[in-house]
Amino acid sequence: MKIRILIVILFTNLVVIFAQETIIISGQILDASTEITLSFANVSVHHTIDDVLVTGAITDEAGRFEILGLPIGNYTIYFSFLGYSMSQQKLVTRGLNTIFDLGKIRLEPATETLTEVEVVAQQETTNSDLNKKTLNLSANIAQYGGSVMDAMKTMPGVTFDQEGKVILRGSDKVVVLIDGKQSSLTGFGNQKGLSNIPASNIDKIEIINNPSAKYDANGFAGIINIIYKKEKLEGFNGDAGLSFGLGALGKRKADSKTDLGSFSVNPKLIPSFNLNYKTKKLNYFLQSEFIIQKALPNNEFTTRNYNDGRNIISQVPENRRQFRAIISGGIDWEINEHNSLTISGLYDREKHIDTAQVGYIDLDSGSRIRYYTWREEEVTRYINVAANFKHNFPQTGHNLSAFVQYTQGLEDESYSLNDSSAIRIGRDATNIKAIENTTSISADYVKPLKNGRMELGASARIRRLPIEYTITPGQNSIIYPGLGTFSNWGENLYAGYINYLLEKEKYDLEAGLRGEQTNVFYDLDPENIYYPNNDKYDYFELFPSIRFTYKLNENNKISAFYNRRIDRPGEPELRIFPKYDDPELLKVGNPYLRPQFTNSFEVADKFSWESGSLFTALYYRIIEDQYMRIFSIDDSNPDYDIVNRIYQNTGRATNTGVEALVSQDILESWKLSASVNWYSNAIDYYEGTLLFPFERPFIIDPSTANAWDLKLNNDFILPWDLSVQLTGLYFSKKNIPQGEQLGRASVDLGVKKNLWKKKGELILSASDIFNTFGIRQKIKSEGLAITYENYFETQIIRLGFNYKF
């Protein structure tokens, strides 16, 4: 029956008379007793006079359907779904009305039951369409109990850098959304904190490589959309979970000569709950996640081989004790049939204390020539309040929504620095306090059309981030003098867009245009001696996007994409105050940094068969005025050579790649998926000037970085309600600016046991079983060669329990 309906859908428009007026039928199918929407239910339209099938449809994930291009006439419409009694409605059309919304169609559960037969649907862990890829966390067993970043390890095209940022198809220029909106949890415009966000209350994660014009133009690599759970059942329901883990079970490299060394066998406790109470008009929801743990987010070994013959190694272990609480909740109010309002809030507070003892060892003599200790205490806190109003017009899918959000963020970071060597004995302290205020408003309008839809929208976002920098220098201070004591950054962003979607039997087209006006200022303390002028600029840019999809046949379609995007440096990339966790390898921003612009082209194909599918894509991006960190020696200090890592615009670059994702049911109980992504990052020759801490030139030689990653995922369904997932990934060696990054790999395993008729589940997971996922880099700069190894906490065993009620 389903195959017959699909064939009719594909070919029915070929026999429509061009001059004849047509109608649209839409509606939503639900369970009559529970009000749960029914996905993939059948809708078939028959001529009333002879009961001959004319066309049909299958409902989407929300239980909705829409039938376009139906000729005027009299019809009987049948609604059916496995396990439910069939329902039908009569429809008479005369041409006066061309849009028919059948509303909510409720199907009664069938009184007949099937005995001794159980149908088990195994949900794909990762599935892909031509415009996005989706990771269903309910099926992600091997990375259970971890963070969002842990969960994303097996997603196609995703890798990670040494700063914990997601690299998508070879770039960290990624925008992360929460339920389709930018949020304090993940940053506005630039990604942050994914390694510290528990994944326990998340439903799924989407990757959109080619966003349409309705999305912000940030992020040339694409958009990651994190979708949280939300129950739909009436009454009180939800789930609660508890995860316990141990991390850093083995040491890839022995600690250097210090008393503390690096943390190991680190305990982790993550309790969570998701509560929901729904009535006919109101839905109350409350979610909470907590992290209590010891951790090792960084464990950096840096070997410096200077041209003058010195060979020095240092280890910076970021030994962390952390507590984080994320509490969110709100109310969905269905005011009436056409209007709804959601009011929500989020409170996120995190405190961690990092300690490190850093020994600088002379590799030739084996003696410790410098001993440096530091302690960082940092508190971050975000308060997020939002309201979302939606008006539904009588036509299904025709709506107007308005959104307003206010966020206040706090960053309070204190460093205590102690230095001991033959040259100096000193003690310093620094404190950075930043309070960010962000206000966002937007309005979006969607109008269904006969063969598609039109989308219009406008938005504004105002951000202010003043920073106070307090220095308490000791004798022989290592802190750069003349930094000043404050900075003030602000950004105003105004945008409007139009997006048009046309769907035909053999092809569909989506085209849009987004305009953005941006005003930026960055005021520095006049006492700052390194950057003589405040920075201020504004610009208006247009960002077109287009997608064309041609349906070769029922199982194969091909798409072509183009879009233009921007990546704006945020305050962390501009910040003038260095980070002193390693005083000989300082990370610092650049207040004169400018945005980078990208033109992106892609061709993708998806071919499906009965037991699997193959997705392939070829992409090419041109980046103008890209920015990245530059390594440069500061030899102005006669006692120590300091390596600065400074953000800098470096001219033109390209990103070319091929991605493939295959999914195949090997057996009824074994599903295999694999993805491979090959990419090449090319950088043109560039000459520039660094201003901090003194003016000096730098050169970027032309280079091409070829790299690839391979990911395998095996899902097994075993007797006794057991599920097993085995994943493996390999990231190849690749060139990076001024050097290369060596290959790395990980094998993860997860086992899930369903309990109490699937109301409960017990999960055991182990990530990076062989402890081979650390980062290793070799870098060459003027005057020295650097070997960088970061053996951070990747090997973790977790035991988790979750119960649904």
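This text follows the structure it describes.
Residues numbered from 1 in each chain as written. Predicted model: local features only at pLDDT ≥ 70, side-chain atom pairs only at ≥ 80, totals over all residues. Heavy atoms only, no water.

1. What about the overall build of the protein chain?
Then step 1. Counting secondary structure elements, the protein chain contains 3 helices and 47 strands.
Then step 2. Here the C-alpha atoms of the protein chain give a radius of gyration of 29 Å, agreeing with the 28 Å that 2.2 N^0.38 yields for 805 residues.
Then step 3. Looking at the protein chain as a whole, 54% of its 805 residues qualify as buried.
Then step 4. Of the contacts made within the protein chain by residues no fewer than 6 positions apart, 68% connect residues no fewer than 24 positions apart.
Then step 5. Within the structure as shown, the protein chain displays about 34,800 Å² of accessible surface, and the carbon and sulfur contribution to it stands at 58%. (Helix = DSSP H or I, 4+ residues; strand = E, 2+ residues; numbered from the N terminus. Rg over C-alpha atoms; globule rule 2.2 N^0.38 Å. Buried < 20%, exposed > 50% of the residue type's maximum accessible area, 1.4 Å probe, protein only. Contact = heavy atoms within 4.5 Å. Areas by Shrake-Rupley, 256 points an atom, 1.4 Å probe, with all protein chains shown as cover.)

2. Description of the nonpolar core
Then step 1. Ranked by size, the top nonpolar core spans 57 residues in total, and within it Tyr372, Trp374, Leu417, Tyr480, Leu483, Tyr580 and Phe692 carry the most contacts.
Then step 2. Per-element accounting of this core gives the leading share, 5 residues, to strand E33 (residues 627-634).
Then step 3. Beyond its immediate chain neighbours, meaning those up to four positions away, Leu483 contacts Tyr469, Ile471, Asn528, Tyr530, Ile576, Phe577, Pro578 and Phe692.
Then step 4. The next biggest cluster of nonpolar side chains, apart from the first, holds 23 residues, and it includes Leu137, Ala151, Val176 and Ile202. (Core = buried A, V, L, I, M, F, W, Y, C linked by side-chain atoms within 4.5 Å.)

3. Quick notes on the packing of aromatic side chains
Two descriptors summarise a pair of aromatic rings, namely the distance from one centre to the other and the angle between the planes of the rings.
Then step 1. In this structure the tally under the stated criterion is 25 aromatic pairs.
Then step 2. With 5.7 Å between their ring centres and 50° between their planes, Phe81 and Tyr84 make a pair best called tilted.
Then step 3. Phe81 gets classed as partly exposed once you look at its relative accessible area, which sits at 26%.
Then step 4. A centroid spacing of 6.1 Å and a plane angle of 55° characterise the contact between Phe301 and Tyr791, whose relative ring orientation is tilted. In this pair, Phe301 is assigned in strand E18 (residues 299-306) and Tyr791 in the loop between strand E46 (784-790) and strand E47 (796-804), connecting sequence segments 490 residues apart.
Then step 5. Judged by its relative accessible area of 11%, Tyr791 is buried.
Then step 6. Every member of this aromatic cluster is reached through a ring pair, and the members are Tyr480, Tyr530 and Phe692.
Then step 7. Positioned above the aromatic ring of Phe263, the side-chain terminus of Lys294 is 4.3 Å from the ring centre. (Phe/Tyr/Trp six-rings, centres within 6.5 Å; stacked < 30°, edge-to-face > 60°. Lys NZ or Arg CZ within 6 Å of the ring centre and 35° of its normal.)

4. A word on unusual backbone geometry
Then step 1. The omega torsion across Phe692 and Pro693 is -10°, close enough to zero to call that bond cis.
Then step 2. One non-glycine residue, Asp51, adopts positive backbone phi at about 60°.
Then step 3. Following the sequence through the fold, Asp51 ends up in the loop between strand E2 (42-47) and strand E3 (53-58).
Then step 4. The exposure class assigned to Asp51 is partly exposed, which follows from its relative accessible area of 41%.
Then step 5. Positioned with a positive phi, Val265 is a non-glycine residue whose angle comes to about 45°.
Then step 6. Following the sequence through the fold, Val265 ends up in the loop between strand E15 (235-247) and strand E16 (266-278).
Then step 7. Val265 sits in the partly exposed class, given a relative accessible area of 44%.

5. Observations concerning the environment of Gln408
Then step 1. Inspection of the secondary structure assignment puts Gln408 in strand E23 (residues 399-421).
Then step 2. Accessibility expressed as a relative area gives 23% for Gln408, which makes it partly exposed.
Then step 3. The sequence separation of Gln408 and Leu233 amounts to 175 residues, and the corresponding C-alpha distance is 33 Å.
Then step 4. Excluding anything up to four places from it in sequence, Gln408 contacts Arg381, Tyr382, Ile383, Ile435, Glu436 and Asn437.
Then step 5. Only 3.0 Å separates the side chain of Gln408 from the side chain of Arg381, close enough to count as a polar contact. (Polar contact = N/O pair within 3.5 Å; in protein donor to acceptor, adjacent residues only side chain to side chain.)

6. Overview of the layout of surface pockets
Then step 1. A volume near 620 Å³ is recorded for the second largest pocket.
Then step 2. As for the second largest pocket, its lining consists of 25 residues, of which Phe631, Ile699, Gln738, Ser781 and Glu782 are closest to the centre.
Then step 3. When residues of the lining of the second largest pocket are assigned to their parent elements, the largest contribution, 5 residues, is made by strand E38 (residues 696-700).
Then step 4. When its residues are assigned to classes, the lining of the second largest pocket shows 12 nonpolar, 7 polar and 6 charged. (1 Å grid on protein atoms, 1.4 Å probe; cavity = no way out; pocket = protein on both sides within 12 Å on 5 of 7 lines; lining within 4 Å. Points joined across faces, edges and corners; volume = space filled by probe spheres on them. Nonpolar A, V, L, I, M, F, W, Y, C, P; charged D, E, K, R; others polar.)

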